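Remarks on the overall topology
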Amino acid sequence: MKVEPEKKKEKRQKVDEDEIQKMQVLVSSFSEEQLNRYEMYRRSAFPKAAIKRLIQSITGSSVSQNVVIAMSGISKVFVGEVVEEALDVCEKWGETPPLQPKHMREAVRRLKSRDQIPNTKHKTILFH
Amino acid sequence: MAEEEDDAGFEDDVDDGGNGADGGHGKRKRLFSKELRCMMYGFGDDQNPYTESVDILEDLVIEFITEMTHKAMSIGRQGRVQVEDIVFLIRKDPRKFARVKDLLTMNEELKRARKAFDEANYGS
């Protein structure tokens, strides 16, 4: 039984609208501290010029604006993954923020063991 | 299972970063301290993250971008980094994949909106 593309698109739009509404209800109930944090969560971003310079220093040639946008975006997601993991570690060890280097290092160790951190330096040899 | 070399940036296990002591990648100038602090707070850290932790994160981000760039250069058009390459590399990571798609879509919409605005004001 195939769902027509048009119906699928409508359904997706309805789900998006629901999401937006739910978010509005949530945000409207935030304390001031939560609002501050949420604003930082949304607005913080890597400076495009610095990212562009970094990529170009590696490639030796220029890159498009879209590449900078994409790389900045996934880098922020990456930061989120590390910080969330570190907060987890911090809590498990019965400690509190601010996050310490030992939390960050342990977070990286865990993410690496789940292959969530790219690393081409260390080659895994499966069979020899 | 133990890695032979420590990760770059974690050369010493001493927690105090120290001002003179080289605790990271070398005396590279910090590129994103301000932005990273805001990001860490946004993602759940204290409003004032420890500088040593920010530095570690910066090294991680630079390593991440460096890895991605090298990988992108080795696929598709060699020696070049194109969006399609990044999208391909990230295809198995649902969060990053969705994020890139969203960002690129939003950018297209913004460009279209700006263009329509300009034409409305200055076009025929």
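About the cut-offs
All residue numbers refer to positions counted from 1 along the written sequence of the respective chain. The lettering of chains begins at A and the numbering of ligands begins at 1, in the order of writing. Totals for whole chains, interfaces and linings use every residue, but because this is a predicted model, local features are given only for residues with pLDDT of at least 70 and side-chain atom pairs only at 80 or more, for both listing and counting. To get the side-chain values, take all heavy atoms of the structure and skip hydrogens and water. UniProt positions are given in the numbering used here, feature names are shortened, and annotations may be inferred rather than shown by experiment. Going along the chain from the N terminus, every DSSP run of H or I of four or more residues is numbered as a helix, and every run of E of two or more is numbered as a strand. When checking whether two residues touch, look at their non-hydrogen atoms; a contact exists if any pair is within 4.5 Å. Where accessible areas are quoted, they stem from the Shrake-Rupley method and a 1.4 Å probe; at the residue level, only the protein chains shown are allowed to cover. Buried area is understood as the total, over both parts, of accessible area removed when two parts are fitted together, assessed with a 1.4 Å probe. We define a salt bridge as a side-chain nitrogen of Lys or Arg found within 4 Å of a carboxyl oxygen belonging to Asp or Glu. Whenever two N or O atoms come within 3.5 Å, that pair is a polar contact, provided that in protein one can donate a hydrogen and the other can accept it, and provided that, for residues adjacent in sequence, both atoms are side-chain atoms. Following the grouping adopted for this structure description, the nonpolar residues are Ala, Val, Leu, Ile, Met, Phe, Trp, Tyr, Cys and Pro, the charged ones are Asp, Glu, Lys and Arg, and the polar ones are all others, Gly among them. With a 1.4 Å probe rolled over the protein chains alone, any residue whose accessible area is under 20% of its type maximum counts as buried; one over 50% counts as exposed, and the rest are partly exposed. Candidate patch residues must exceed 30% relative accessible area and have no salt bridge, after which like charges are joined if within 9 Å and Val, Leu, Ile, Met, Phe, Trp or Tyr side chains if within 5 Å. His is not counted, nor are the chain ends, whereas Lys and Arg count as positive and Asp and Glu as negative. Where a charge lies is defined by one atom per residue type: Lys uses NZ, Arg uses CZ, Asp uses CG and Glu uses CD. Axis definition: a line fitted to C-alpha atoms, over the contacting stretch in the case of helices. Angles run 0 to 180 degrees between N-to-C directions. For classification purposes, an angle smaller than 35 degrees is called roughly parallel, one larger than 145 roughly antiparallel, one from 65 to 115 roughly perpendicular, and anything else oblique. Left-handed is the label given to a crossing in which the near helix is rotated counterclockwise from the far helix by less than a right angle, and right-handed is the label when the rotation is clockwise.

Per an unreviewed UniProt entry, chain B goes by the name Transcription initiation factor TFIID subunit 13 and belongs to Conger conger. Here chain B is described in UniProt, under the heading Subunit (unreviewed entry), as follows: "Component of the TFIID basal transcription factor complex, composed of TATA-box-binding protein TBP, and a number of TBP-associated factors (TAFs), including TAF1, TAF2, TAF3, TAF4, TAF5, TAF6, TAF7, TAF8, TAF9, TAF10, TAF11, TAF12 and TAF13. Interacts with TBP, and more strongly with TAF10 and TAF11." Reading the Subcellular location (unreviewed entry) entry of the UniProt record for chain B gives the comment "Nucleus".

Per an unreviewed UniProt entry, chain A goes by TAFII28-like protein domain-containing protein and derives from Conger conger. Per UniProt, chain A has the following entry under Sequence similarities (unreviewed entry): "Belongs to the TAF11 family."

Concerning the overall build of chain B
What chain B contains, in helices and strands, is four helices and zero strands. Reading chain B from its N terminus to its C terminus gives the helix and strand order α-α-α-α. Long-range pairs, those at least 24 residues apart, make up 33% of the contacts in chain B with a sequence separation of at least 6. Of the roughly 7,900 Å² that chain B leaves accessible, carbon and sulfur atoms contribute 51%.

Topic: the interface of chain A and chain B
At the junction of the two partners, chain A supplies 52 residues and chain B supplies 56 residues. Between chain A and chain B, a total of about 5,300 Å² is buried, with carbon and sulfur atoms accounting for 70% of that surface. Of all residues in chain A, the largest losses of buried area upon contact with chain B belong to Arg37(A), Ile74(A) and Arg105(A), amounting jointly to 12% of the total for that side. Inspection of the chain A/chain B interface yields two salt bridges. In this structure, Glu81(A) and Lys96(B) form a salt bridge, with 3.0 Å as the shortest nitrogen-oxygen distance. In this structure, the connection of chain A to chain B is made through nine residue pairs in polar contact (both at pLDDT 80 or more). Elements supplying a minimum of two residues to the side of chain A that touches chain B: helix H2 (32-43), helix H3 (48-59), helix H4 (65-92) and helix H5 (101-113) of chain A. For the side of chain A that touches chain B, the element with the highest residue contribution is H4(A), accounting for 18 residues. Its residues placed into classes, the side of chain A that touches chain B shows 29 nonpolar, 15 polar and eight charged.

Observations regarding the environment of Ile117(A)
All names here are of chain A. Relative to the assigned elements, Ile-117 resides in the segment after H5. We classify Ile-117 as buried; its relative accessible area is 11%. Sequence separation between Ile-117 and Glu-81 is 36 residues; the distance between their C-alpha atoms is 9.9 Å. Those residues in contact with Ile-117 that lie beyond four places of it in its chain are Phe-78, Val-108, Leu-111 and Lys-112.

Comments concerning a negative patch on the surface
On the surface, Asp16(A), Glu17(A), Glu19(A) and Asp102(B) cluster together to form a negatively charged patch. Locating Asp102(B) in the fold gives a position in helix H4 (residues 94-122). Looking at Asp102(B), the relative accessible area reads 45%, which means it is partly exposed.

Brief notes about the UniProt feature "domain: TAFII28-like protein" (unreviewed entry) in chain A
Feature annotation in UniProt assigns "domain: TAFII28-like protein" (unreviewed entry) to the following positions: residues 25-110 of chain A. For residues 25-110 of chain A, the end-to-end C-alpha separation is 35 Å, with 77% helix and 0% strand making up the annotated structure.

Notes on the packing of H2(A) against helix H1 (residues 33-42) of chain B
Packed helices, taken two at a time, are described by the angle their axes make and the gap between the axes. Running from N to C, H2(A) and H1(B) point in directions that differ by 130°, and their axes come no closer than 7 Å. The pairing of H2(A) with H1(B) is recorded here as oblique in orientation. Seen from above, H2(A) lies across H1(B) with left-handed handedness. Contacts between H2(A) and H1(B) involve Glu33(A), Asn36(A), Arg37(A), Met40(A) and Tyr41(A) from the former and Cys38(B), Tyr41(B) and Gly42(B) from the latter. In terms of residue class, the contact of H2(A) with H1(B) is made up of four nonpolar, two polar and two charged.

Side note on the pattern of salt bridges
Residue and element names in this part refer to chain B. By the definition in use, this model includes 16 salt bridges over all chains. Among the ionic pairs, Asp-59 bridges to Arg-30, the shortest N-O distance being 3.2 Å. Residue Asp-59 is found in helix H2 (residues 51-74), and its partner Arg-30 is found in the segment before H1; the two are separated by 29 residues along the sequence. Residue classification places Asp-59 among the buried residues on the basis of a relative accessible area of 3%.

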